[in-house]
Amino acid sequence: MSLQSAARGSVRRFKYMLTTPAPPPPPPHRRYTAVAEAAAALERELDAIRAAGTWKGERIITSKQGPQIHVDGSRGAILNFCANNYLGLSSHPEVVQAGIDALKAYGAGLSSVRFICGTQDLHKNLEQKLAEFHQREDCILYASCFDANAGLFEVLMGPDDAILSDELNHASIIDGIRLSRAKRLRYQHMDLSDLENKLKESQSSRMRLVVTDGVFSMDGDVAPLQGICDLAERYRAMVFIDECHATGFLGPQGRGTDELLGVMNRVHIVNSTLGKALGGAAGGYTVGPKPLIDLLRQRSRPYLFSNSLPPPVVGCATRAVELLLASNEISRSMTAKTMRFRDKMTAAGFTIAGSAHPICPVMLGDARLASLISDDMLKLGVYVIGFSYPVVPKGKARIRVQISAAHTDEDIDRCVDAFIQAGRKHGVVS
């Protein structure tokens, strides 16, 4: 075909497109059928959650975090027994001022990830202080401890390796392990015999890593780290702990579960958070051997592809760690306050899970009952929340009370009195 003929054909096709009407759009009911079906399926799922009594509403706090807060819809100050603010540092004047100073000096954020142009000297300073606090070689910061757990296992462990995980480990650990290609074995909760069986079963693996929460957040129980370390050494495995509910207040110097149980030199990798006892803002981290930290900086996806922690967050956390490095006075008050609440609640007839940890789960069993009692507690001036499936197993609903160093003895007694009133109303105690 000549070039001239091809040109005439193109002109005819263009004229046809201009003069021929476009086909009509599909009827609206056809266009939106998929959306409507999806919406209906979602509504059915939501209705099932409401019917089961496991709906998780979000109360609106109109004040800063602390032992007393203001809640939208409530009159006056409310006692807060529901925060991870174990040391009361979320609104500590020096911690807040450090955040303000960092905001002024370094800006709101880096608009970048760490390896491009998102590393400031304050990030390196915090990493050095956290490594010092945990007595480990090096530290790497993440946007959250969820990210730290998501970023560790797939870098460290490969298809020739095995991960042995406590069945009640935090959801972020479970998700992080799923990203790894390593063989996965789950042992029964804090059961050393079952862990040993799994270690025997996995002896053909190149490397093995025992993974456990230091403190289990829903129950307040402490992992048997001495026994775990004994087994790990016998079967040539490494040990990892998640210390989110221990860092800053467990152990003589607040270093965590490994310090409390005397195994700091036997636990190889620690992940923890800045979002609980260490200022309560955001951020997580891994501490451990320097070669591991160096490799995480090169390969860990949540680190490589997430913006740097904002300077105000880093400033607050740095000051919190400095306070703990200087003195353990704040954390020392925790034990007596925790036992005051546990003893008084037990004497009143409540069942409290865990032992000697500021997480004090008031076990109720029924999800709807936990929700009703928490609502009544708010009316009595105490903020607590009911926990139910899928956060905890079915039939294990509870109200998780958390004691803070900032609570007074009078605060604790008022909380117990409110529980007794609400418990009597619903027939939980007499």
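You'll find the structure just up there.
Notes on the structure in this doc start here. (Residues numbered from 1 in each chain as written. Predicted model: local features only at pLDDT ≥ 70, side-chain atom pairs only at ≥ 80, totals over all residues. Heavy atoms only, no water.)

### Description of the sheet that holds strand β11 (residues 382-383)
Argument step 1. Strand order in the open sheet formed by 3 strands is β1-β2-β11, with mixed pairing between adjacent strands. Looking at the sheet topology across the chains shown, the edges are occupied by β1 (68-69) and β11.
Argument step 2. Here strand β2 (residues 78-80) runs beside β11; their pairing, made up of 2 bridges, is parallel. If you follow L79 over to β11, its bridge partner there is V382. (Pairing = 2+ DSSP bridges. Helix = DSSP H or I, 4+ residues; strand = E, 2+ residues; numbered from the N terminus.)

### A short note on the packing of helix α4 (residues 93-106) against helix α14 (residues 311-326)
Argument step 1. Across the interface, α4 lies against α14 with an axial gap of 7 Å and an inter-helix angle of 140°. Taken as axis vectors, α4 and α14 run oblique relative to one another. As α4 runs across α14, the sense of the crossing is right-handed. Packed against α4, whose contacting residues are E94, V95, A98, G99, A102, L103 and Y106, the element α14 presents P311, P312, G315, C316, R319, A320 and L323 at the interface. (Axes fitted to C-alpha atoms, helices over the stretch in contact; angles between N-to-C directions. Parallel < 35°, antiparallel > 145°, perpendicular 65-115°, else oblique. Left-handed = near helix turned anticlockwise from the far one by under 90°. Contact = heavy atoms within 4.5 Å.)

### Regarding the pairing of strand β4 (residues 162-166)
Argument step 1. In terms of burial, β4 is a largely internal element, 5 of the 5 residues being buried.
Argument step 2. The alternating pattern of β4 places A162, L164 and D166 on one face and I163 and S165 on the opposite face, and all of these are buried.
Argument step 3. Pairing analysis gives 5 bridges linking β4 to strand β5 (residues 183-187), with the strands arranged parallel. In the strand pairing of β5, L164 is matched with L185.
Argument step 4. In this region the chain leaves β4, passes through helix α8 (residues 171-179) and returns to the parallel neighbour β5; the handedness of that crossover is right-handed.
Argument step 5. Two elements, β4 and strand β6 (residues 208-213), share 4 bridges in a ladder whose sense is parallel. From the neighbouring strand, A162 faces β6, where its bridge partner is R208. (Buried < 20%, exposed > 50% of the residue type's maximum accessible area, 1.4 Å probe, protein only. Right-handed = clockwise from strand over helix to strand, strands pointing away.)

### Some points on the sheet that holds strand β12 (residues 386-387)
Argument step 1. On the basis of which strands lie adjacent, the open sheet formed by 3 strands has the order β10-β13-β12 and antiparallel pairing. Lying at the two open borders of the sheet, with one neighbouring strand each, are β10 (359-365) and β12.
Argument step 2. Looking at chain direction, β12 and strand β13 (residues 397-402) are connected through 2 bridges and run antiparallel. Bridging across to β13, G386 finds its partner in I399.

### Considering the pattern of salt bridges
Argument step 1. Applying the stated criterion across every chain, the model contains 21 salt bridges.
Argument step 2. The shortest N-O distance in the salt bridge between D258 and R136 comes to 3.0 Å. Residue D258 is located in helix α11 (residues 257-260), and its partner R136 is located in the loop between α6 (121-134) and β3 (138-142); the two are separated by 122 residues in the primary sequence. Accessibility classification places D258 together with R136 in one group, the buried group.
Argument step 3. Measuring nitrogen to oxygen at the nearest pair gives 3.3 Å for the salt bridge that ties D376 to K425. With a gap of 49 residues between them, D376 in helix α17 (residues 367-379) and K425 in helix α18 (residues 409-425) connect regions that are remote in the sequence.
Argument step 4. Accessibility expressed as a relative area gives 9% for D376, which makes it buried.
Argument step 5. Connected via shared salt-bridge partners are E94, K129, R319 and E322. (Salt bridge = Lys/Arg side-chain N within 4 Å of Asp/Glu carboxyl O.)

### Focus: the environment of T257
Argument step 1. Within the element layout of this structure, T257 appears in helix α11.
Argument step 2. Using a relative accessible area of 0% as the deciding quantity, one classes T257 as buried.
Argument step 3. For the pair T257 and R208, spaced 49 residues apart in sequence, the C-alpha to C-alpha distance is 21 Å.

### Comments concerning unusual backbone geometry
Argument step 1. Put simply, Y389 and P390 share a cis peptide bond, and its omega is 10°.
Argument step 2. Tracing the backbone shows P390 in the loop between β12 and β13.
Argument step 3. If you check the backbone angles, Q135 has positive phi at about 55° while not being a glycine.
Argument step 4. Mapped onto the secondary structure, Q135 falls in the loop between α6 and β3.
Argument step 5. Residue class for Q135 comes out exposed when judged on its relative accessible area of 54%.

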